[in-house]
Every structure is written in structure tokens, then in C-alpha cells.
Amino acid sequence: KQYYKAIIINKQWYQRRVRGFFKEQKEELDQCYPYERADKFNRGIRKLGLTPDGLSFLDQFRILITHIGNAMGYIRMIRSGGIHACASAIRYVPDLDDIVNIEELTKEEELPADTIIAAANLDS
């Protein structure tokens, strides 16, 4: 039943040619939709009835749009947090163009042979 009423709202929207009306008279209306026409549309929606909570179907649609907007905002917030976390962690990734050879450093410091062998294993 709810789906059927949503279809009726959609039909009313296009039957009244809200979009077409606005496009045709955009310059005359100074890009403002007339209050009288919007009020007439709202009364037509009210004729469809109210929910048990006392909300019209236009009110339910507003709530749905709000939920969708909140979900999109949440997704963007999670994405931004992930990007921030990755950007903060990237400083610990070594620069591949400037890799230090540990074996050479151990030879320069004249460390024991076992340490040099271990450094060579680490480098490979």
C-alpha cells in the first residue's frame, strides 16, 4: 500500500508538471517556485491520507531524504578518517629510493664478523 501511494505522489509530481512548469517560466518567476502552486501540491499530497503517526507522505519522503543524507555524510566521514589514518601511517613506510645498506654500515663501524653476516642476511 505504501508503494502504491509513492507511485501516486510520483504521478502527481509529473502530472502537475512541476519541472516543466518551472523550466518554461524560469525567467518570469525569477527562479522562484510560486508559493500558491507549492501549497496546492502539498494539499494534494495530504489528500492521500496520513500515517498512524500523523505524518503525510511528503513528510515521510522528507524523513527518508534526511536518512539518506545522514548515511552519505557518515560514509564520507568514515572515508575521510581512513584517508587521514593512511596519511599518518605513510611516514613509517621507508623511501624505496633511499634504502640503507646495513651490511655496509656494520663494516664501516668494524663490528664483529657474525654481526656483518647477520646484517647481510637482513639486507637480502
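Residues numbered from 1 in each chain as written. Predicted model: local features only at pLDDT ≥ 70, side-chain atom pairs only at ≥ 80, totals over all residues. Heavy atoms only, no water.

1. So, the overall build of the protein
Going by this rule: Segments assigned H or I by DSSP are reported as helices when at least four residues long, segments assigned E as strands when at least two residues long, and all are numbered from the N terminus. Only protein chains enter the accessibility calculation, which uses a 1.4 Å probe; a residue is then buried when its area is under 20% of its type maximum, exposed when over 50%, and partly exposed in between. For this analysis, residues touch if any pair of their heavy atoms sits within 4.5 Å. The method behind every accessible area is Shrake-Rupley, applied with a 1.4 Å probe, and residues are considered shielded solely by the protein chains displayed.
A count of helical and extended segments in the protein gives 6 helices and 0 strands. Going from the N terminus to the C terminus, the protein shows its helices and strands as α-α-α-α-α-α. Within the protein, the proportion of its 124 residues that are buried is 15%. Here the contacts in the protein between residues at least 6 apart in sequence split such that 29% fall between residues at least 24 apart. A total accessible area of about 10600 Å² is found for the protein, and carbon and sulfur atoms account for 58% of it.

2. Thoughts on the confidence of the model for the protein
Note that predicted coordinates carrying low pLDDT should not be read in detail. What counts here: Across the chain, each position has a pLDDT score giving the predictor's confidence in that residue, from 0 to 100.
Averaged over every residue, the pLDDT of the protein is 81; residues scoring 70 or more account for 81%. Element-level pLDDT for the protein is lowest in helix α1 (residues 2–15), with a mean of 61, against a maximum mean of 92 in helix α6 (residues 113–123).

3. Examining unusual backbone geometry
Excluding glycine, most residues fall at negative phi; most peptide bonds, likewise, are trans. The phi angle at E110 is positive, at roughly 55°, despite the residue not being glycine. Turning to its location among the elements, E110 is positioned in the loop between α5 (102–108) and α6. With a relative accessible area of 71%, E110 lands in the exposed category.

4. Concerning the packing of helix α3 (residues 35–46) against helix α4 (residues 57–89)
Condition: Here the axes come from fitting lines to C-alpha atoms, over the contacting stretch only for helices, and the angles between their N-to-C directions go from 0 to 180 degrees. Here the word oblique covers every angle except those under 35 degrees (roughly parallel), over 145 (roughly antiparallel) and from 65 to 115 (roughly perpendicular). Residues were grouped as follows: Ala, Val, Leu, Ile, Met, Phe, Trp, Tyr, Cys and Pro as nonpolar; Asp, Glu, Lys and Arg as charged; and all remaining residues, including Gly, as polar.
At a minimum axis separation of 8 Å, α3 and α4 run at an interaxial angle of 100°. By the angle class used here, α3 and α4 are roughly perpendicular. Judged by residue contacts, F41, N42, I45 and R46 of α3 engage F57, L58 and D59 from α4. A class-by-class count of the residues in the contact of α3 with α4 yields 4 nonpolar, 1 polar and 2 charged.

5. Here's the deal with a nonpolar patch on the surface
The condition that has to hold: Think of a patch as exposed residues, more than 30% relative accessible area, with no salt bridge, where like charges cluster within 9 Å and nonpolar side chains (Val, Leu, Ile, Met, Phe, Trp, Tyr) cluster within 5 Å. A pair is scored as a salt bridge if a Lys or Arg side-chain nitrogen falls within 4 Å of a carboxyl oxygen belonging to Asp or Glu.
Nonpolar side chains collect at one region of the surface, where F61, L64, I65, I68 and M72 lie side by side and expose about 470 Å² of accessible area between them. Mapped onto the elements, M72 comes out in helix α4.

6. Re the pattern of salt bridges
Between side chains of opposite charge, a pair can form as their charged atoms come close. Taken as a whole, this structure holds 3 salt bridges when the rule is applied. Its salt-bridge partner being R62, residue D59 comes within 2.7 Å of it at the nearest N-O pair. Taken together, the residues D59 and R62, both in helix α4 and 3 residues apart, mark about one turn of the helix. With relative accessibility at 18%, the residue D59 sits in the buried group. Residues E103 and K107 are paired through a salt bridge, measuring 3.6 Å at the closest nitrogen-oxygen approach. On the criterion of helical spacing, the pair formed by E103 and K107 is a turn pair, its members being 4 residues apart in helix α5. Overall, the relative accessible area of 23% leaves E103 in the partly exposed class.

7. Focus: a negative patch on the surface
Heads up, the condition is: As used throughout, the charge tally considers Lys and Arg to be positive and Asp and Glu to be negative, leaving His and the chain termini uncounted. By convention, the point assigned to a charge is CZ for Arg, NZ for Lys, CD for Glu and CG for Asp.
Together, E104, E108, E109, E110 and D123 make up a negatively charged patch on the protein surface. Following the sequence through the fold, E108 ends up in helix α5.

8. Some points on α4
The cut-off we apply is this: The span one expects for a helix is its residue count, reduced by one, times 1.5 Å.
Taking 1.5 Å as the rise per residue, α4 with 33 residues should run 48 Å; its terminal C-alpha atoms sit 48 Å apart, in good agreement. Residues of α4 that are buried include every one of F57, L58 and D59, and no others.

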